[in-house]
Amino acid sequence: MSHTLLLDAASASESGALKCKTAFSYAEITLEEGKIDANTSATTKGLELKAIQADIAKSLSIVDAHLVQHTYLACNFITVADISLACSIRAAGPVSSSTPNLSRWFNTIANHPKIAPLFGGGSAAGAGANSGNGAALVDLGLQLSGVPPPVAPTLYKRGRIRIKELLSTPSLIGSTVTVSGWSRTTRNADAGKLLFVELNDGSTTLSVQCVMKNTSTGFDNCKASGGTGASFTFTGELVESEGKGQSCEIQVIKGECVGAVYGGENMTIGGANYPLSKKSHGLEHLRQHAHLRPRAKVHAAAMRIRHAMAFATHKFFNDNGFLYIHTPIVTCADCEGAGEQFGITTMLGTDPHKTDVKVPYVEEPKKKEGAAEEEGGEKKKEGEEGGGGQSNKAKKKAAKKAAALAKKAAMAAAKGGKPEEDPLPVGAVDYGKDFFGKRANLTVSGQLNVETHCCALSDVYTFGPTFRAENSHTTRHLAEFWMIEPEIAFADLHTDMDLAEDYIKYCVRYALECCKDDLEFFEESQFGEKGLIKRLSNVIEAPFKRLTYTEGIELLKKTVADGHQFEESNIQWGMDLGSEHERYLCETIFKKPVILTDYPKEIKAFYMKLNPDEKTVAAADILVPKIGELVGGSQREHRHDILVDRCKESGLEPKAIWWYLELRKFGTMPHAGFGLGFERLILFITGLENIKDVIPFPRTPGVAEF
Ligand SMILES: NC(=O)C[C@H](N)C(=O)O
């Protein structure tokens, strides 16, 4: 591994402190034998062994300090820097107990499923290290998408440092730094000669204390800030803190109150009417101030985890060779067939107070002069058809024509071709005159669209907002929510669920590794969950329980027979399980995530593959403690004729999705996919209870204020 490459990778790290003199020469020094490897550069050879060892120890302690706040060396994922240093350390011998973070990091790298076999099980003292094996690197997946360029900001940095970086870089102690953010609290001391500002910039749940003396530039301006919520920029020296509960603080040289809080009477400076004052607020109060709630620790932590999970999602799928497909938000197909879509139209105009809005409707067909003649020579005088009157003969003819058209459309649909449109009933809203020329809706799922790309690009996923106009008032439903929907080619339900389980476990592992501070916050918070980190750790340790719907029903029946009461205790095969049943299975019976498969076809969507028993479909739901259903997926019905039948059985017009049916005509193949509700994943990870608290601006019936 080239040193230059390694140093480049390391310099992409947030901490420049990694660029020490010989840290990366470590690879080439056999410490145990006390001699210098023959490949070592001349410069290194020239150094005294003792000096080298001291330098290495110092370098490793810097790396160790860096790893207090970072999972990996350079990025939030394994890079070439981690692999190379891990290979070197493995070659050199056990990691010293004086560098516990390095030891934790090494174990993480060495136990990575792709690296562990190369490391002979992950022990630093084990045999069989193969740090320079090209084939092994191919196996690591590094070649699949190439190695991304290092993130090396040159233009946008603004000379300020984020508080997370500041608090995790001990080498900054003694240097001059600039921070910007919002005050959590401000406090005067020493008869007004000192000002303490607890500053947070959203990069971490922690704040940094900024101490201003009356001799610092901008003291009076900062003192008149109005307190909690004001925005500041401070420049000063980072020093070790004497106070309890914080490692360092900033002795401010120059401060500026950028935006004061005008929460006093008549918009004067003051905190009286600032809605997010210092005291702790309930979640409902925060929801009512959705524009300010990112300032609250609980929402900020939820948003950081939301970001991390979005990033982890893209990373997981990208690194497994999936392509991200942007499926449309406007659609004319109803994927779930549940009639719960939001329609969109431009026919109402843009002025909400306009009084003369007229929605076009389908009128009775008017007879044109000459047209009647063509159709039967019944020429009428102008005005005769006024009032909607048609002669019996004309009516019959129109009906005959409509019937013929309908037959033609049905035939075309059955064959899978693009049908001609049916004539609309008189009086129906004429969406033909609307923007898209037909009724359009906000999508309820990207699945049908993403399947088209699966049928060419193999493994794909979509991740975007979806909309359901259900009148649900629960803590688990939103009218606008985000869904991740992968679709895999040449795959059955079993592989589909393997993917879902891997993906969920990856997200949990990612959160445990990269969102430690925020998870600890939720563990402690009154709104979070005691034992959260343990619950999450358990999720990744054991396989999810898999059983069929039929087996699940039997277990629930037994539960009722044994005396347990559900709100719905009449458990019957064929019923749609309620959240109480789903939660009982995973929380009480199995105490872990449960994958329930093979549901009755009547309660599932038309596109799910009919099983050989012809009663059930190859569907699967993943039920998790606290939430209930987190994932819903299926193997898709890829046989054309059966799909058309299932479509009709479900009361859907095959012709409305003629293009979807055509996929089964041209090179069909087994494929499968699932949908995971993103907000439910965030509830699962944070331990929060209400879905409205894990999305910036929740949309529920009657609520779209912000
Ligand atoms: N992609 C999927 O399988 C998700 C499914 N269409 C749903 O909306 O729940």
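Analysis parameters
Residues numbered from 1 in each chain as written. Predicted model: local features only at pLDDT ≥ 70, side-chain atom pairs only at ≥ 80, totals over all residues. Heavy atoms only, no water. UniProt positions renumbered as here; feature names shortened; annotations may be inferred. Helix = DSSP H or I, 4+ residues; strand = E, 2+ residues; numbered from the N terminus. Near = heavy atom within 4 Å. Polar contact = N/O pair within 3.5 Å; in protein donor to acceptor, adjacent residues only side chain to side chain. Areas by Shrake-Rupley, 256 points an atom, 1.4 Å probe, with all protein chains shown as cover. Pairing = 2+ DSSP bridges. Phe/Tyr/Trp six-rings, centres within 6.5 Å; stacked < 30°, edge-to-face > 60°. Buried < 20%, exposed > 50% of the residue type's maximum accessible area, 1.4 Å probe, protein only. Lys NZ or Arg CZ within 6 Å of the ring centre and 35° of its normal.

Colleague: What is the right way to read the UniProt feature "domain: Aminoacyl-transfer RNA synthetases class-II family profile" (unreviewed entry) in the protein chain from this model?
Modeller: The feature "domain: Aminoacyl-transfer RNA synthetases class-II family profile" (unreviewed entry), as given by UniProt, occupies residues 460-696 in the numbering adopted here. Between the end C-alpha atoms of residues 460-696 there is a gap of 27 Å, over a span that is 38% helix and 22% strand.

Colleague: Before we go on, may I ask you to explain the site of the ligand in this structure?
Modeller: The ligand sits among twelve residues. The nearest are E336, Q447, R468, E485 and Y607. With respect to the ligand, the backbone of F674 contributes an N or O atom lying 3.4 Å from a nitrogen atom. Against a free-state accessible area of 270 Å², the protein chains account for coverage of 90% of the ligand. Looking at the shell around the ligand, the elements that each hand over two or more residues are β13 (480-489) and β18 (671-677).

Colleague: Got a minute to help me understand the sheet that holds strand β10 (residues 343-344) in this structure?
Modeller: Note on sheets: strands pair through backbone hydrogen bonds, and any given pair is parallel or antiparallel. Strand order in the open sheet formed by three strands is β9-β11-β10, and the pairing between neighbours is antiparallel. Strand pairing shows two members of the sheet lacking a second neighbour, β9 (330-331) and β10, which therefore form its edges. Judged from the two bridges that link them, β10 and strand β11 (residues 440-442) form a sheet pairing that is antiparallel. Paired with I344 across the strands is A440, a residue of β11.

Colleague: Before we go on, may I ask you to explain the packing of aromatic side chains in this structure?
Modeller: Think of a pair of aromatic rings as described by two things: how far the centres are apart, and how the planes are tilted against each other in angle. Taken as a whole and judged by the stated rule, the model has 23 aromatic pairs. When the ring of F232 is compared with that of F234, the centres are 5.1 Å apart and the planes differ by 15°; the resulting orientation is stacked. What makes F232 buried here is its relative accessible area of 2%. An angle of 50° between the planes, with centres 6.3 Å apart, marks the rings of F311 and Y510 as tilted. Here F311, found in helix α10 (residues 297-319), pairs with Y510, found in helix α14 (residues 493-514); they are 199 residues apart in sequence, far enough to count as distant. Residue Y510 is classed as buried on the basis of its relative accessible area of 7%. Aromatic rings pair up to connect F311, F316, F317, F322, Y324, Y461, Y503, Y506, Y510 and F674 into one cluster. Over the face of the ring belonging to F196 we find R187, whose NZ or CZ atom lies 4.3 Å from the ring centre. A cation over an aromatic ring shows up here: K315 above the ring of F77, its NZ or CZ 4.3 Å from the ring centre.

Colleague: What am I meant to see in the pairing of strand β7 (residues 248-259) here?
Modeller: Across a regular strand the side chains alternate sides, sitting on one face of the sheet and then on the other. Here strand β5 (residues 208-213) runs beside β7; their pairing, made up of three bridges, is parallel. Looking at β7, one finds that V211 is bridged to Q251. Note that strand β6 (residues 231-240) and β7 share ten bridges and pair antiparallel. Counterpart to E237 in the pairing with β7 is Q251.

Colleague: For this particular structure, what's the right way to read the pairing of strand β12 (residues 460-467)?
Modeller: Counting buried residues along β12, eight of its eight residues qualify, which places the element largely inside the surrounding structure. Direction of pairing for strand β8 (residues 323-324) relative to β12: parallel, over a ladder of two bridges. When the sheet's bridge partners are listed, Y324 is paired in β12 with Y461.

Colleague: What am I meant to see in unusual backbone geometry here?
Modeller: As a rule of thumb, non-glycine residues mostly have phi less than zero, and peptide bonds are mostly trans rather than cis. Here S458, not a glycine, exhibits a phi torsion of approximately 75°, which is positive. Residue placement: S458 occurs in the loop between α13 (447-457) and β12. Here the phi dihedral of K591 falls at roughly 55°; this positive angle occurs in a residue that is not glycine. Counting through the fold element by element, K591 comes out in the loop between α18 (579-589) and β15 (594-600).

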